[in-house]
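Listed here are the chains, written in short residue letters.
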Amino acid sequence: MILLRHTVSGTLRGARPTRSLSTRASAILSSLDIPVGAAELPGVYDGQWYGSGDVLESVCPTTGEVLARVRSATPHELHEALGKSKDAYLHLRTVPAPKRGELLRQIREALSAKRDVLGALVSLEMGKIKTEGIGEVQEFVDICDYAVGLSRMMNGRVVASERPGHTILEVPNPIGVVGVLTAFNFPVAVYGWNFSLSVAAGNANVWKPSPSTPLCSIAVTKIIASVLEKNGLPGAVSTLITGGKDVGEAIVESRDIPLVSFTGSEAVGRVVGKTVQSRFGQSILELGGNNASIIMPDADMPLAVPAVFFGAIGTAGQRCTSTRRLYLHRAIAPQFLDALQKLYATISVGDPLVDSTLLGPLHTRAAVGIYDDAVQRLRQSGADILTGGQKYDHAALSQGNFVQPTISVPKTADPADKIWSTETFAPILNVALFDELEQAIEWNNAVPQGLSSSLWTRDIRNVGKWIGPEGSDAGIVNVGTSGAEIGAAFGGNKSTGWGRESGGDAWKQYVRWSACTVNFSNAAPLAQGVDFST
């Protein structure tokens, strides 16, 4: 094992779980109009704020301090909020689409004005570093921009009819109320992807955020609500219902919600998909990733090494698109691993609100346990742990959920082995060596998940194979880069769920489609030449 010389950034004194907030937390919450001194905050919004259900605790993963206690919805309050969402849809669907685009433009401006402090809240409550927190809010801003333009371009089609004097129109109309269940790792952006397209399409929305990131959802909802109010629109256009499993189940089971977008684990996603389908609803599922990068001998190493470094360590390995599998061509494996380990040794770990920090904490104590279990499984299987494999022992990090990024070379490269086939939401990178690109592609495709993948090569023949029918079966297939942008549809195949959000044609899921045949002639012939005359 290589001994790493890590830099600890920020000063994290042992804050105990208490309602006496640190200065850093108080300043952020106050800037977003979240009461600091309140014993409890209301976690339901449908035009007014309330909530008298179970209490959710928002705990800072960096210091362990309790940031706030939030009252979720009772069953009655949940039913009431869903009813108001339906009423809000009946109103919004009559607003012309370009006017809905103007609404989104104003929301974009309001979010942009609070971008940095809202990004700081993401860092405070979720744990990702400052630049990533701000970048996540920027995603919401960007998708609002996209949806503003889309509001004038959500076009149907004119189809030629075989019958004289007839024409066929394929017409999109709003679908109704959209349920959006988001995960902790992107507590702002994922709602933004769904909300922006959904509102442009004319739908109302019900947001059920992760129980561990209620403050991010409250802050975002306050910003959206202020714009809705200024425009005389019902607050329930963007309903917020915080809560646990019972709230999620109620939304998923509701026949008043024709479309449910769920981001989370494969296990829960399987239940969501079956439940929604059982009532003939539609679902958008964004589930497990387990993403791979493949490095060919002709790869541009100065680009590939930092990309893998960020892919594996960014957001402490808690991104849907985090790099978890690294397939190295045998010819360059020693060189690549040496360069990668040198980068790992330089990482600055600590308070994610400090500009120089590159590695923040895992989101929860439970996540630390999952990391520990995965590392233990690697050790027991005889894997070679090149770096990491344990929690940090710095005193300044003792109150947070900090773990060392890990590079492991398992004994087997068999993709059916649990080490390879199971996604671990932590900064653990497993490495295997290959001799031919076809072998690496086979390994890439052999796991159940299919979200993101990346090939590093400068050979156009490799590129053609990689993006073609013999290549990666993931929803995101990159060459010489990593990650995703809002302009293209985001989502994966296989057990990742087949869902698509954000750009591309994703908007078409947020509308109901009708084929409308219009007869503007003086006759009414039947199609296919059928003669039913008497």
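Calculation rules
Residues numbered from 1 in each chain as written. Predicted model: local features only at pLDDT ≥ 70, side-chain atom pairs only at ≥ 80, totals over all residues. Heavy atoms only, no water. Helix = DSSP H or I, 4+ residues; strand = E, 2+ residues; numbered from the N terminus. Buried < 20%, exposed > 50% of the residue type's maximum accessible area, 1.4 Å probe, protein only. Contact = heavy atoms within 4.5 Å. Polar contact = N/O pair within 3.5 Å; in protein donor to acceptor, adjacent residues only side chain to side chain. Phe/Tyr/Trp six-rings, centres within 6.5 Å; stacked < 30°, edge-to-face > 60°. Lys NZ or Arg CZ within 6 Å of the ring centre and 35° of its normal. Pairing = 2+ DSSP bridges. Right-handed = clockwise from strand over helix to strand, strands pointing away.

## Overview of the environment of Thr457
As for its placement among the helices and strands, Thr457 is situated in the loop between strand 21 (452-456) and helix 15 (460-467). Taking the relative accessible area as the measure of exposure, Thr457 reaches 10% and is therefore buried. Spatially, the C-alpha atom of Thr457 lies 7.4 Å from that of Pro297, the residues being 160 residues apart in sequence. For Thr457, the contacting residues outside a window of four places in its chain are Met296, Asp298, Ala299, Asn462 and Val463. Within the structure, the side chain of Thr457 is placed 2.9 Å from the side chain of Asp298, a separation counted as a polar contact.

## Observations regarding the packing of aromatic side chains
Aromatic ring pairs are defined here through the distance separating the ring centres and the angle between the ring planes. One pass over the structure, following the stated rule, counts ten aromatic pairs. It is Lys128 that lies over the ring of Phe186; its NZ or CZ is 3.6 Å from the centre. Over the face of the ring belonging to Trp49 we find Lys222, whose NZ or CZ atom lies 5.2 Å from the ring centre.

## Examining the sheet that holds strand 2 (residues 41-42)
One open sheet accounts for three strands, arranged 2-6-5; its pairing is mixed. Looking at which strands have only one partner, the edges of the open sheet turn out to be strand 2 and strand 5 (55-59). Pairing geometry for strand 2 and strand 6 (residues 66-71), over two bridges, is parallel. Bridging from a neighbouring strand, Leu41 pairs with Val70 of strand 6.

## Points about the pairing of strand 11 (residues 238-241)
Residues Ser238 and Leu240 line one face of strand 11 and the alternating positions Thr239 and Ile241 line the opposite face, and both faces are buried. When strand 3 (residues 44-45) meets strand 11, the two strands line up antiparallel, connected through two bridges. Paired with Val44 across the strands is Ile241, a residue of strand 11. Alignment of strand 10 (residues 204-208) against strand 11, held across three bridges, turns out to be parallel. Bridge pairing in strand 11 links Trp207 to Leu240. Crossover handedness for the path strand 10 to helix 7 (residues 214-230) to strand 11: right-handed.

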